[in-house]
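Tertiary structure, described
So you can see what is in the structure, the chains are spelled out below.
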Amino acid sequence: MANIPPEIIEIILSKLSSKSLLRFKSVSKSWNTLISNPLFIQNHLQSSDNSPDNLFLSTDTYGTDRGFTLVEFEVGNIHSGEISVESIPNGYDRILCECNGVLLLTSIHGEFNEYDTYALWNPSTRSQMFVINRCEFNEDHEVDCGICYDQITGDFKVVIVYATKYAIYSCNNNSWTEKYLGTKFYSILGTPGAAIFVDGATYWIFGVESRNISGTQLLYFDPRTDELKILKKPEQLCDDKFHLINKASLGGRLCLYHYNYNENSIQIWIKEKGIDVGENSTNWKEFMTVGNFRVPFLWITPICFVGNKVVIQVERKKFVYYSPTEKTFQEFADIDVNCNGFIPYRNSLYFPTGVKMTTITDQQS
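Our subject in this report is the structure included herewith.

Calculation notes
- Residues numbered from 1 in each chain as written.
- Predicted model: local features only at pLDDT ≥ 70, side-chain atom pairs only at ≥ 80, totals over all residues.
- Heavy atoms only, no water.
- Disulfide = S-S within 2.5 Å.
- Buried < 20%, exposed > 50% of the residue type's maximum accessible area, 1.4 Å probe, protein only.
- Helix = DSSP H or I, 4+ residues; strand = E, 2+ residues; numbered from the N terminus.
- Arc of directions from axis to C-beta.
- Contact = heavy atoms within 4.5 Å.
- Pairing = 2+ DSSP bridges.
- Axes fitted to C-alpha atoms, helices over the stretch in contact; angles between N-to-C directions.
- Salt bridge = Lys/Arg side-chain N within 4 Å of Asp/Glu carboxyl O.
- Patch = residues over 30% accessible without salt bridge, like charges linked within 9 Å, V, L, I, M, F, W, Y side chains within 5 Å.
- Areas by Shrake-Rupley, 256 points an atom, 1.4 Å probe, with all protein chains shown as cover.

Some thoughts on the state of the cysteines
With the rule as written, the count across this model stands at 0 disulfides. Cysteine Cys-148 shares no disulfide, and the gap to the nearest cysteine sulfur, in Cys-99, comes to 5.8 Å.

Some details on helix H3 (residues 29-36)
Here H3 has its buried residues at Trp-31, Leu-34 and Ile-35. Viewed along the axis of H3, the buried residues span an arc of 95°, placing them on a single side of the element. Seen from the open side of H3, the exposed residues pointing more than 90 degrees away from its buried face are Lys-29 and Thr-33. Buried positions along H3 lie against helix H1 (6-14), helix H2 (18-24) and helix H4 (38-50).

What about the sheet that holds strand E21 (residues 301-306)?
Strands sit in the order E21-E22-E23-E24 across an open sheet of 4 strands; the sheet is antiparallel. Each edge of the sheet is formed by a strand with only one pairing partner; in this case those strands are E21 and strand E24 (328-331). Pairwise comparison of adjacent strand axes, ignoring direction, gives a mean angle of 30° for this sheet. Relative to strand E22 (residues 309-315), E21 runs antiparallel, the two being bridged by 5 bridges. Across the sheet, residue Phe-305 finds its bridge partner in E22, namely Val-310.

Quick look at the pattern of salt bridges
Counted by the stated rule, this structure contains 8 salt bridges. A salt bridge links Asp-49 to Arg-346; the nearest nitrogen and oxygen atoms lie 2.5 Å apart. Residue Asp-49 is found in helix H4, and its partner Arg-346 is found in the loop between strand E25 (342-344) and strand E26 (358-359); the two are separated by 297 residues along the sequence. Its salt-bridge partner being Glu-98, residue Arg-346 comes within 3.0 Å of it at the nearest N-O pair. Here Arg-346 is found in the loop between E25 and E26, whereas its partner Glu-98 is found in strand E4 (residues 94-99), with 248 residues between them in sequence. The exposure classification of Arg-346 matches that of Glu-98, with both residues buried. Here the salt bridges do not stand alone but share partners, grouping Asp-49, Glu-98 and Arg-346 into one network.

Side note on a nonpolar patch on the surface
Taken together, the side chains of Ile-4, Ile-8, Ile-11 and Ile-12 present a nonpolar region at the surface, about 320 Å² in accessible area. Within the element layout of this structure, Ile-12 appears in helix H1.

Spelled out as structure tokens, the structure:
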């Protein structure tokens, strides 16, 4: 190994799994320094994303003792298994959001699925830490929450949105910041857990009530300024014939999908990359239109690309491939997957630094 240039070693290591890299930290001080370097961690995740395994976790354990279902989408097939309960932080049974491979977890309690404790967990490295909601907004109704990563400061931030205010937990500072919105938000997509982190920001769809704007809006948390902002939708989707369904991440890009009442079709739009890009509606591009849609439109969720096709969940246990070029559907065979939603499972070394954390021993190894 002494004759191999350091840059070649770095390229080779960046192709390996997180689990292998954790073991290789003990090879030498130089390897430990390299693998722990924030730039290497960033490049490693990018390398993993460029050759995706299309692995996803169910967002709920559904009251079972099997853990979260792990699903892999391939051409013409779906493989499923479970991440064992021994590997999951004790008592946590719902995934709320994913950010750079780090998951925001909670445990369900009470009649209205209220949350007061959270955990951050990287299933690739088994690293975990716990976050207790100590902000003064607890008496207010929680609308939703999410996790975001500040690329500039290297800080993971947990964001809890209430009806008229929001709270931010900084992992770097181990502290809460509370802010008022000046408007009123309400959930239109059910229980918390609808946030997605993509391309540097965390996004939600909320109902908004204020003097200047109202109705269903796309909002995002900007980690650079710690502000919640409204993102303009494509101008073509402001017509009354469209019903905003939801948002998703496809190929590392934010997308919106809408139902067209007049044509009984689904339209999917993709935003150009960048946090600031998209504030002008011309930066949205129509990706595809699915005509003659005959399934319950509130169920449709684009999951991922498999080749040049899009995997779409159309019912709880029903998935299809859709070819945008051929405009054809291809159904999967019988699938024993019971899931309301999926979160990406990413090969990642990311985790908050400078905080008290523990690593769960992998009892299966």
